[in-house]
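Fold and contact review
Next come the chains, spelled out residue by residue.
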Amino acid sequence: MKFSEIVKRIWPHTLANLAYATARLLVGMKKPQANKFFCISLLGESYGDNIKPLSDYLAKHEPEAQIVWAFSKHFSEAHKCPHKVVRLYTVAYYYQMLTSKYILSNARLNQRMIHKRKGQIYLQTWHGTALKRLGTDIKRKRSQWEQLYNPGVFEFDVSNTDVMISGSRFMTNLYRDKFLFKGKIAETGTPRNDIFFSSQPQLRQKICDTYGLEEGKLLILYAPTFRADRKYTYYSIDLKQVKDTWERKTGRACDFLVRLHPKLKQDNKAFEKAFGKGVTDVTSYPDMQELLYVCDLFITDYSATMFDFIYTRRPLLIFAPDHESYNRGFYFQLSELPFMVITDNQDIEKTLTHFNPQTYGQRVDAFLERIGSVERGNATEQVVNLLRRTNN
């Protein structure tokens, strides 16, 4: 490796260390503030998931709470956050973290991201029910550089976590077995799923107004997960056939929405080539849960969002043309899931036409019982109460 490349890699870490040292001097002997919450979602690349409902609840019910959100400098939606905002790895970032009683995250924080002090509570919410392997089930070869500057992330985060929350007995067992977490796991449900137990009819109008859609039409949402090759190769579902078939099935006109994974580089030409015209790109919409809440038919492949949408009890279609090659270790076979599953476009019409809501409802009930779901729509309130009862 060239010297210039080494300097380029080391420099951000050096700046972060200097920022932390400065913040630590500024903090001095100050204790963490009892009503201060430090929020970070998906490593600073999101203003949502499980963390946003928690901060929204605190803002509404505990006006004395101080809420701080941390975002990456690359996250362009930070301006939409109504709370105090800091950028990762700055003096302000470390100062706000060090002076907060509660640190809330839904992804693993490494040694550069979190510096926990005595008296602080670190809540790990994680981000959904797992289909794909996680924790100790993931065997990924890490480069020497990663091992040097990002060592033991898994162990570090687990050792700093004070409490985890879970939406099911299944996930509680995974956290024990695959995260090796020996601390407290509270089966509160997951805050991001509370929306599916609420009545918010205004959200459909909000999304329709945002994209100029007719409010009276049914909404079909296709949201495939990320592929390592960053290509559209496996997003080959025949959207027109889906739309035509579902319109015949329901007797209602439909609009088609597509939401790509945020890691996939946005390319308008590639999008149009893959999905054609007349399809609404909702990739930039900030809240995936709101899209799930309003859509009438959801299509995905291996995304954990299927286990969120299940609580709407609306039809879900899995389009998995690369099932054999993509399967890196699933905790459920696709055939075990209550959803419609197809592997090519030839099965679209038959599968959608024969969808039976009653049978589907029975399969959903059986699956939720199997995993021991505890989702009841009050997870956010339970988690906030849990934090208040947790001492450290």
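Look a little higher up for the structure.
Quick look at the structure, then. (Residues numbered from 1 in each chain as written. Predicted model: local features only at pLDDT ≥ 70, side-chain atom pairs only at ≥ 80, totals over all residues. Heavy atoms only, no water.)

Examining the overall build of the protein
For the protein, the count of helices and strands is 15 helices and 13 strands. Looking at the protein residue by residue over its 392 residues, the buried ones come to 52%. By sequence separation, contacts in the protein at least 24 residues apart represent 68% of the contacts at least 6 residues apart. As presented, the protein carries roughly 19,100 Å² of accessible surface, and 51% of it is formed by carbon and sulfur atoms. Side-chain charges of the protein comprise 57 positive and 41 negative groups, with the mean position of each set lying 8 Å from the other. (Helix = DSSP H or I, 4+ residues; strand = E, 2+ residues; numbered from the N terminus. Buried < 20%, exposed > 50% of the residue type's maximum accessible area, 1.4 Å probe, protein only. Contact = heavy atoms within 4.5 Å. Areas by Shrake-Rupley, 256 points an atom, 1.4 Å probe, with all protein chains shown as cover. Lys, Arg positive; Asp, Glu negative; His and termini not counted. Charge placed at Lys NZ, Arg CZ, Asp CG, Glu CD.)

Thoughts on the sheet that holds strand β9 (residues 254-258)
Judged by pairing direction, the sheet is parallel, and its 6 strands sit side by side in the order β10-β9-β8-β11-β12-β13 without closing on themselves. Both edges of this open sheet fall to β10 (280-281) and β13 (340-342), since each of them pairs with a single strand only. Each of β8 (218-222), β9 and β11 (297-300) touches helix α8 (residues 239-250); the most contacted strand, β9, lies at about 145° to it. (Pairing = 2+ DSSP bridges. Axes fitted to C-alpha atoms, helices over the stretch in contact; angles between N-to-C directions.)

Structural notes on the packing of helix α2 (residues 51-61) against helix α15 (residues 379-389)
Axis separation between α2 and α15 bottoms out at 9 Å; the angle between their running directions is 75°. Comparing their axes, α15 and α2 come out roughly perpendicular. Taking contact as the criterion, the partners of P53, L54, Y57 and L58 in α2 are, on α15, T380, E381, V383 and V384. (Parallel < 35°, antiparallel > 145°, perpendicular 65-115°, else oblique.)

Let's talk about the environment of E369
Along the chain, E369 turns up in helix α14 (residues 357-371). Assessed through its relative accessible area of 63%, E369 is described here as exposed. For the pair formed by E369 and R169, sequence separation is 200 residues and the distance between their alpha carbons is 9.7 Å.

Here we look at the sheet that holds strand β7 (residues 184-186)
The 7 strands lie next to each other as β3-β2-β1-β4-β5-β6-β7, forming an open sheet whose pairing is parallel. Since the sheet does not close on itself, it has two edges, and those belong to β3 (84-87) and β7, each with one partner. Mean inter-strand twist for the sheet, computed between neighbouring axes without regard to direction, equals 25°. Relative to β3, strand β2 (residues 66-71) is paired through 4 bridges, and the arrangement is parallel. If you follow A70 over to β3, its bridge partner there is V86. Taken strand by strand, α2 contacts β1 (33-40), β2, β4 (100-105) and β5 (121-124), and its axis lies near 155° from that of β2.

Let's talk about the pattern of salt bridges
All chains considered together, the criterion is met by 15 salt bridges. Where E290 meets K206, a salt bridge forms, and the shortest distance between an N and an O atom there is 3.1 Å. Note that E290 is positioned in helix α10 (residues 288-294) and K206 in helix α7 (residues 202-211), a separation of 84 residues in sequence. A residue is classified by how much of its surface remains accessible, and K206, at 40% relative accessible area, is partly exposed. (Salt bridge = Lys/Arg side-chain N within 4 Å of Asp/Glu carboxyl O.)

Considering the nonpolar core
Counting residues in each nonpolar core, the largest one holds 78 residues, and the members touching the most others are Y222, F275 and I299. Ignoring anything within four residues of it in the chain, the contact list for F275 reads Y222, Y232, Y235, L239, V258 and L260. By size, the runner-up hydrophobic cluster in this structure holds 25 residues, among which are L54, I67, A78 and L386. (Core = buried A, V, L, I, M, F, W, Y, C linked by side-chain atoms within 4.5 Å.)

Observations regarding the pairing of β9
Strand residues, when the strand is regular, have side chains that alternate between the two faces of the sheet. By the criterion of burial, β9 is predominantly enclosed, with 5 of the 5 residues buried. Of the two faces of β9, both are covered, the one formed by C254, F256 and V258 as well as the one formed by D255 and L257. Pairing between β8 and β9: 5 bridges, direction parallel. Across the sheet, residue Y222 finds its bridge partner in β9, namely V258. As paired strands, β9 and β10 are joined by 2 bridges and run parallel to one another. What sits directly across from V258, in β10, is D281.

Notes on the side chain of S100
Note on placement: S100 falls in strand β4. Judged by its relative accessible area of 0%, S100 falls in the buried class. Here the side chain of S100 touches Q96 through a polar contact of 2.6 Å, landing on its backbone oxygen. Those residues in contact with S100, other than ones at most four positions away along the chain, are P32, Q33, K36, F37, F38 and Q120. (Polar contact = N/O pair within 3.5 Å; in protein donor to acceptor, adjacent residues only side chain to side chain.)

Brief notes about unusual backbone geometry
You will see that L43, though not glycine, has its phi angle at about 60°, which is positive. On the basis of relative accessibility, which here comes to 36%, the residue L43 falls in the partly exposed class. Backbone geometry at R313 places phi at a positive 65°, although glycine is not the residue there. When you line up the elements, R313 lands in the loop between α11 (306-309) and β12 (316-319). A relative accessible area of 42% means that R313 is categorised as partly exposed.

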